[in-house]
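# Observations on chain architecture
Now for the letters of each chain:
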Amino acid sequence: MAFSDTQTQAIAHKDGPALVLAGPGSGKTTVITNRIVTLLERYHIPGSRILVITFTRAAAQEMQSRFFTLYQKRNARLDAARSTGVTFGTFHSVFYRILKHAYQYDASNILTQKEQYKMIESIIDELDMDAPDFNELASNLLGEISAVKSNCLSLDYYYAKSCPENVFRRVYRLYEKKLRQANKVDFDDILTMTYDLLSKRRDILDAWRQRFSYILIDEFQDINLVQYKTIQLLSAPKNNLFIVGDDDQSIYRFRGARPEIMLGFEKDYPNAIRILLDVNYRSDAYIVAAANHLIVHNTARFPKKIRASHQAAFPVLLKPCRDPAEQNKYLTAQLRDYHAQGYAYEQMAILFRTNLGIRFVMDALMKGGIPFHMKDAIPNLFAHWISLDIIAYLRLVSGTENTRANWLRIMNRPNRYIKREALAPFTSDISVAQLKAYYQDKDWMLERLDRLEYDLSIMKRMSPYAAIHYLSNAMKYQDYLKDYAKEHHINEQELLDVLNAVHESSQSCRTFAEWFAYIDTYTEELQKQAKSPASKDANNESGVCLCTLHCAKGLEYPIVFIPDINEDNIPHARAAVDADLEEERRLFYVGITRAKEHLHLYCVGEASGKEKFPSRFLEELNEM
């Protein structure tokens, strides 16, 4: 195949550091695999000296497969590529290999995800930490522990988000203590311990430097600090470091990625050459132009302008809609139109900012009989603790489940100071009258119970939508969530988004029974999607792809739809500072550049009873 001048330059690069800026659809995998072949055949570098690092196992396997295919075409023997000895792996797999040689680790020393959750749950119990959803608390704590380790942060100065700082420090130290007692390492330890080992043992460092004298890294914009510091050790002093990435597609800061590392690479390596792969071979010229106009508004980036290899054939289409229902109507109609034109549903994707947005469109596709699959493992909205609170309230109101479990769930949300002991004598068919009997000598509690009894009787006569609205406002459940968010260092909007999503889900249901049946159907569909072959194998995917913008990274489709391009969604409400806003713009840029031919954008004027405003990013696109 013919290469562009800059592709040829990158492929031919031999010694010293190189920064390859690879725009969307610019053929970066082709460049990496062809450079490996060049190192082997033109420069006669032994394959055992070449290390290729990616960020996921799937990406490493894909890169290796592409290399094998390319190399075998150039050699008669089918096993020629495998015999080269080139190493492909993730940071974790490569660094684990180093630790394994030094400490004789085996798989039993690696903490599994199940063991990790069991360990953190034991710490939560040990510290008597309270939370409405222990799974969510455990996940948040593990995420913060990972952030501290991967970014080499000082625990004493780390500002915890999931709990007070002093509590988090106790959690972290207990977690580390239990790891050592069990002779285990977690995934982040693999990174930090490798850096520590190579920093302290020059003999081991020299051996691995000799082993891997040429290092290539894909998606470099996603690197974190400890990964970078370790790679700097390994690549010195020759610094044959070939990094490929796009600072405009750095979208994983929440996982610890540090895009500023790529931006500062030339300061760390003043003799590095910079190569720009500036031709997009994927997208229509209208789409490339729109993406350029958007991303230029970011200031923390390498200046660049991507060119399209394809002609401008299909303008980017924006459709303002009244509300999500109208948006779904237009979206499903457009899907059917393209299918009627001969496009397969598998050639279409709908990309969302958050998992919550997927539910509304999923409903519309189910009702319309349009096949779909989901790339993400979508958490069940109705398994969230806020949803469970609301479901418990409505089951009590409907009289179907006056159980102890439901009463325990709702009696102090918001706080009514009802003691668990008040429910002790009962297991089922619990009533407010029974609680009143327990508090018969406490007038102030009887007043609270009278109010609760009144509220539940009012809700009983309402539709699910009205009842949830009454619970949120008249019964101050929304205020309870705001107080909870403040106490637990959580962005309150994230909790309110869940509340609003649950509320919206009930809008078309006339009775509680109808809403409960909808929840069951929705849950069954999620379980079906999770078990389907498409969730495990891209070759088995069928129907329209539904996924988040984050999950869409690296994918491409002839037709892409992006709904809900409104302020507080794209960009997200939590994007409070410039760095956050620039990441949101990069995320939207990634979404736009997944489209090959047709790109459809939607915004709404109202949702959840509130006025919505078009995203500022749409204005930036309109500067075209």
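The subject of this paragraph is the overall build of the protein chain. Helix and strand counts for the protein chain stand at 25 helices and 16 strands. What you see for the protein chain is a C-alpha radius of gyration of 27 Å, in line with the 25 Å of a compact globule of 624 residues. Taking the principal axes of the C-alpha coordinates as reference, the protein chain spans close to 90 × 65 × 45 Å. Counting all 624 residues of the protein chain, 53% fall into the buried class. Taking the contacts inside the protein chain whose residues are at least 6 apart along the sequence as the reference set, 77% of them involve residues at least 24 apart. Here the protein chain has roughly 28,600 Å² of accessible surface; of this, 50% comes from carbon and sulfur atoms. Here the protein chain contributes 78 positively and 79 negatively charged side chains, and the mean placements of these two sets differ by 5 Å.

Next up on the list: helix α13 (residues 285-295). Buried residues of α13: Ile-287, Val-288, Ala-290, Ala-291, Asn-292, Leu-294 and Ile-295, and no others. Buried residues along α13 sit in contact with β7 (279-280), β8 (307-308), α24 (578-592), β14 (595-604) and α25 (616-621). At the N-terminal boundary of α13, the capping side chain belongs to Asp-284, with an oxygen 2.7 Å from the backbone nitrogen of Tyr-286.

On to the packing of aromatic side chains, then. All chains considered together, the criterion is met by 27 aromatic pairs. Put simply, the rings of Phe-382, Trp-515, Phe-516, Tyr-518 and Tyr-522 touch in pairs and so form one group of aromatic residues. Sitting above the plane of the Phe-360 ring, Arg-359 keeps its charged end 4.1 Å from the centroid.

This paragraph deals with the sheet that holds strand β3 (residues 87-90). Strand order in this open sheet of 6 strands is β3-β2-β4-β5-β1-β6, and the pairing throughout is parallel. Looking along the sheet, the strands with just one partner apiece sit at the ends: β3 and β6 (273-277). For this sheet, the mean angle separating the axes of adjacent strands, direction not counted, is 15 degrees. By the bridge criterion, 4 bridges tie strand β2 (residues 50-54) to strand β4 (residues 214-217) in an arrangement that is parallel. Its bridge partner lying in β4, Ile-53 is registered against Ile-217. With respect to the sheet, helix α2 (residues 28-41) is in contact with β1 (18-22), β2, β3, β4, β5 (241-245) and β6, its orientation differing from that of β4 by roughly 170 degrees. Against the sheet, helix α3 (residues 57-73) contacts β2 and β3, and its axis sits at roughly 160 degrees relative to β3.

The next thing to look at is the sheet that holds strand β12 (residues 544-548). With parallel pairing, the 6 strands of this open sheet are ordered in space as β9-β14-β13-β10-β12-β11. The open sheet is flanked by β9 (317-321) and β11 (372-374), the only strands paired with a single partner. For this sheet the average axis-to-axis angle between neighbouring strands, irrespective of direction, equals 20 degrees. The pairing of β9 with β14 spans 5 bridges and is parallel.

Before going further, it helps to examine the side chain of Asn-34. For Asn-34, the location among the structural elements is in helix α2. If near-sequence neighbours (up to four positions away) are discounted, Asn-34 is found in contact with Phe-3, Ile-11 and Leu-70.

Now for the nonpolar core. Counting 100 residues, the largest nonpolar core has Phe-168, Leu-335, Ile-350, Leu-394, Trp-407, Trp-515 and Leu-546 as the members making the most contacts within it. For this core, the element with the most residues is helix α16 (residues 385-398), which contributes 9 residues. Aside from chain neighbours lying at most four places away, what touches Leu-335 is Tyr-345, Met-348, Ile-350, Leu-365, Ile-370, Val-544 and Phe-561. By size, the runner-up hydrophobic cluster in this structure holds 39 residues, among which are Leu-21, Val-94, Ile-204 and Val-226.

At their nearest, the axes of α16 and helix α19 (residues 443-460) sit 9 Å apart, and the two run at 80 degrees to each other. Classified by the angle their axes make, α16 and α19 are roughly perpendicular. On α19, the residues touching Tyr-393, Leu-394 and Val-397 of α16 are Leu-456, Met-459 and Lys-460. Of the residues belonging to the contact of α16 with α19, the class tally is 5 nonpolar, no polar and 1 charged.

Cut-offs applied
Residues numbered from 1 in each chain as written. Predicted model: local features only at pLDDT ≥ 70, side-chain atom pairs only at ≥ 80, totals over all residues. Heavy atoms only, no water. Helix = DSSP H or I, 4+ residues; strand = E, 2+ residues; numbered from the N terminus. Rg over C-alpha atoms; globule rule 2.2 N^0.38 Å. Buried < 20%, exposed > 50% of the residue type's maximum accessible area, 1.4 Å probe, protein only. Contact = heavy atoms within 4.5 Å. Areas by Shrake-Rupley, 256 points an atom, 1.4 Å probe, with all protein chains shown as cover. Lys, Arg positive; Asp, Glu negative; His and termini not counted. Charge placed at Lys NZ, Arg CZ, Asp CG, Glu CD. Polar contact = N/O pair within 3.5 Å; in protein donor to acceptor, adjacent residues only side chain to side chain. Phe/Tyr/Trp six-rings, centres within 6.5 Å; stacked < 30°, edge-to-face > 60°. Lys NZ or Arg CZ within 6 Å of the ring centre and 35° of its normal. Pairing = 2+ DSSP bridges. Axes fitted to C-alpha atoms, helices over the stretch in contact; angles between N-to-C directions. Core = buried A, V, L, I, M, F, W, Y, C linked by side-chain atoms within 4.5 Å. Parallel < 35°, antiparallel > 145°, perpendicular 65-115°, else oblique. Nonpolar A, V, L, I, M, F, W, Y, C, P; charged D, E, K, R; others polar.

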